[in-house]
Amino acid sequence: MRPVELQGWTQPAYSPAVNRLLGRRPAHFIDNEWVESTGNAQIEVIDPSTSKIIGHIADATAEDIDRAVRAARAAFDDGRWSGLPPIRREAAINRLADLIEANADEFAELEAIDNGKPRAMAAAVDVPGTVAQLRYMAGWATKISGEVVDPLSAPTGAFHGYVRREPIGVAGQIIPWNFPLLMAALKIAPALAAGCTLVLKPAEQTSLTALRLADMVLEAGFPAGVVNVVTGDGRIAGDALVRHPLVDKIAFTGSTEVGKIINRTATDTLKRVTLELGGKSPVIVMPDVELESAAAGAAGAIFFNAGQVCVAGSRLFAHRDIYDRFLDGVVDASKAWTPRPSLDPTARMGPVVSREQHERVLRYIDEGRRAGATVMTGGDAPAAEGYYLNPTVLADVNPQMSVVREEIFGPVVVVQRFDDLDEVAAAANDTAFGLGASIWTRDLSVMHRLAAKVRAGTVWGNCHGVLDAALPFGGYKQSGVGREQARQGLEAYTELKSVIIQL
């Protein structure tokens, strides 16, 4: 693709490698083969930086999902993956990580084009994070263990009791559009390490890196049927995957509304479910902070990835003593997040992912304005093609406003003042969500006291949104069910079996 002019902005030309990928015939990756869909429908691939159609992907039918699930089922049941020596599973996952790292530039460009995030950000965050998830979980493949337990009601030596931890079976995995490659790794890495087989359905808006990941799966030498990638609309393909009777577990990351539907549907067959859902994360700033750096941190907490982050710091609470100065600081810091095309080397924030998301965010801003919120900066879209939004700071808000209560998933932050710890803890917890929160202070006593009070799955101190594969991640309340990453993320793909043998 040649450079696209955007009323003074230019989306640089795509690389030859990416152009070749975009020109491939739409297909699913099933049983280590690229196969055409049983239907004729396709989904347009749109570059959010230009709003132009740049390719197509296959739109799966229920029959396509069934084929993929049956391939995964056969691969699990015959033990071609779960029966391998754990060190061979570890080696295969590490080979996959090595291949992604070797093709890091291509993955970063592809992610930027498909999602709209700056290529530099994808190269610094998404691709290394993907590699880290795979390598971390690869190590767990050789460390899964059970335990020996003496039955309490029998004489010593009369019975031999032990507990096995076994792979759960076939996993159906549905990932979101905000971090497509990283979310794919977050799902497949623990499943593979545990010995499961899987069907991955990427978001229909951003499937390109998942399809390229399938190429790497083939090159890494995974047995047929272990990893299957099927693209398509969630209402058809996703629903068929959740309902399929041969799927043992569903892992979903996305909106709370869709997560509730999946949870209800999975109940019909009592599938195991992991859900990582929405958030409305508080950022609490105490009066002892260094204002400039804390304001820059608060701006990054919401404007990173154009606010399309489940843990985005979308509710900012500044202590009354510094409220006015801190608000000015955040407004000033927002200037560094002016959106640019995703392949622009100077870009720090790109467009949002789609026209639908663009309209959704603007609608929320309008609702906030009508309800009495003051737009301190932003609140509009640049006069350019593509789905750009200016970083937006809203003041004079109250807890009843939709911009305060509901997840916007865009570059919009609401700023409120507080007086004491109990007050701000209550305000931070006054939400249906509980995914993340951050506390900014030099006082360690305040830090720990607030961290204990805030009901969220992750609490950061003097930073925001820092995730690590070795730490569990998930939410309280309507932000999800279960945990991903760390040992807990691996164990979510296992079942426990008690064995009692009379001697």
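Note that the structure is a prediction, hence the values are computed from the model and not measured.

**Thoughts on the domain arrangement of the chain**
How big an interface is tends to be reported as the loss of accessible area on association of its parts.
Then comes step 1: Split into domains, the chain comes out as domain 1 (18-277 + 479-499) and domain 2 (282-461).
Then comes step 2: Computed from C-alpha atoms alone, the centre-to-centre distance between domain 1 and domain 2 is 31 Å.
Then comes step 3: Each partner contributes residues to the interface: domain 1 has 27 residues there, and domain 2 has 26 residues.
Then comes step 4: Summed over both sides, the interface of domain 1 with domain 2 buries roughly 2100 Å², with 59% coming from carbon and sulfur.
Then comes step 5: On inspection of domain 1 and its partner domain 2, the count reaches one salt bridge.

**Examining the nonpolar core**
Then comes step 1: Judged by nonpolar contacts, the single largest core of 116 residues is most densely connected at Leu96, Ile100, Leu134, Leu192, Phe222, Leu316 and Phe326.
Then comes step 2: In terms of residue count, helix H6 (residues 180-194) provides more of this core than any other element does, twelve residues in total.
Then comes step 3: When we break this core down by domain, the ones giving at least three residues each are domain 1 (18-277 + 479-499) and domain 2 (282-461).
Then comes step 4: Those residues in contact with Ile100 that sit more than four places away from it in its chain are Phe107, Val127, Thr130, Val131, Leu134, Leu213 and Met216.
Then comes step 5: With 25 residues, the next largest nonpolar core counts Ala68, Phe76, Ile174 and Val199 among its residues.

**Describing the state of the cysteines**
Then comes step 1: Tallying each qualifying case throughout the model produces zero disulfides.
Then comes step 2: No disulfide involves Cys463; its sulfur sits 15 Å from that of Cys310, the nearest cysteine.
Then comes step 3: Residue classification places Cys463 among the partly exposed positions, given a relative accessible area of 26%.

**A look at the sheet that holds strand S22 (residues 494-502)**
Then comes step 1: The strand order S7-S8-S22 describes an open sheet built from three strands, whose pairing is antiparallel. The open sheet has two edge strands with one neighbour each: strand S7 (147-149) and S22. Along the sheet, successive strands turn relative to each other by an average axial angle of 25°, direction set aside.
Then comes step 2: Taken together, the three bridges between S7 and strand S8 (residues 159-167) define a ladder with antiparallel strand orientation. Counted as the bridge partner of Val148 is Tyr162 from S8.

**Description of the pairing of strand S20 (residues 458-461)**
Then comes step 1: Residues of S20 alternate between two faces, with Thr458 and Trp460 buried on one and Val459 and Gly461 left unburied on the opposite face.
Then comes step 2: Two strands pair when backbone bridges link them, and strand S19 (residues 436-440) and S20 are joined in this way by four bridges, in the parallel orientation. By the bridge assignment for S20, Ala437 is matched with Val459.
Then comes step 3: Running through helix H15 (residues 444-453), the crossover from S19 to the neighbouring parallel element S20 is right-handed.

**Describing helix H10 (residues 291-303)**
Then comes step 1: The end-to-end C-alpha separation of H10 is 18 Å, in line with the 18 Å expected for 13 residues at 1.5 Å each.
Then comes step 2: Where H10 is concerned, the buried positions are Ala294, Ala295, Gly297, Ala298, Ala299, Gly300, Ala301, Ile302 and Phe303.
Then comes step 3: Elements that come into contact with the buried residues of H10 comprise strand S14 (282-285), strand S15 (315-319), helix H11 (323-333), strand S17 (392-395), strand S18 (412-418) and S19.
Then comes step 4: Downstream of H10 by a residue or two, Asn305 has a phi angle that is positive, lying close to 55°.

**Here we look at the UniProt feature "domain: Aldehyde dehydrogenase" (unreviewed entry) in the chain**
Then comes step 1: Per the UniProt entry, the sites bearing "domain: Aldehyde dehydrogenase" (unreviewed entry) are residues 34-499 in this numbering.
Then comes step 2: Secondary structure within residues 34-499 divides into 40% helix and 20% strand; the distance between the first and last C-alpha atoms comes to 42 Å.

**Examining the UniProt feature "active site" (unreviewed entry) in the chain**
Then comes step 1: Here the UniProt-annotated "active site" (unreviewed entry) positions come out as Glu276.
Then comes step 2: With respect to the element layout, Glu276 can be found in strand S13 (residues 272-276).
Then comes step 3: A relative accessible area of 3% places Glu276 in the buried class.
Then comes step 4: Those residues in contact with Glu276, other than ones at most four positions away along the chain, are Phe252, Thr253, Gly254, Cys310, Leu435, Phe473, Ser479 and Glu484.

Rules behind the numbers
- Position numbers for residues count from 1 along each chain, tracking the sequence in the order it is written.
- The model is predicted, so local features are restricted to residues of pLDDT at least 70 and side-chain atom pairs to those at 80 or more, both for listing and for counting; the totals for chains, interfaces and linings are taken over all residues.
- Values reported for side chains reflect all heavy atoms of the structure, with hydrogen atoms and water molecules removed beforehand.
- Domain delimitation in this document rests on an assignment produced automatically or drawn from a domain database.
- Residues are treated as being in contact if the distance between any of their heavy atoms lies within 4.5 Å.
- Computed with a 1.4 Å rolling probe, the buried area is the accessible surface lost when two parts are put together, summed over both parts.
- Salt-bridge detection follows one rule: a side-chain nitrogen of Lys or Arg within 4 Å of a carboxyl oxygen of Asp or Glu.
- Nine residue types can take part in a nonpolar core, namely buried Ala, Val, Leu, Ile, Met, Phe, Trp, Tyr and Cys, and a core is a set of them joined through side-chain atoms within 4.5 Å.
- Burial classification: accessible surface area is computed with a 1.4 Å probe over protein chains only, and a residue below 20% of its type maximum counts as buried, one above 50% as exposed, and the rest as partly exposed.
- The helix and strand labels rest on DSSP assignments: H or I over at least four residues marks a helix, E over at least two residues marks a strand, and numbering proceeds from the N terminus.
- Sulfur atoms of two cysteines make up a disulfide when they are within 2.5 Å.
- Pairing between strands is defined by DSSP: at least two bridges between the two strands are required.
- The angle between two axes is taken between their N-to-C directions and runs from 0 to 180 degrees, where each axis is a line fitted to C-alpha atoms and a helix contributes only its stretch in contact.
- The definition of a right-handed crossover adopted here requires that, viewed with the strands pointing away, the path from the first strand over the helix to the second runs clockwise.
- Each helix should span, by expectation, one fewer than its residue count multiplied by 1.5 Å.
- UniProt positions are given in the numbering used here, feature names are shortened, and annotations may be inferred rather than shown by experiment.

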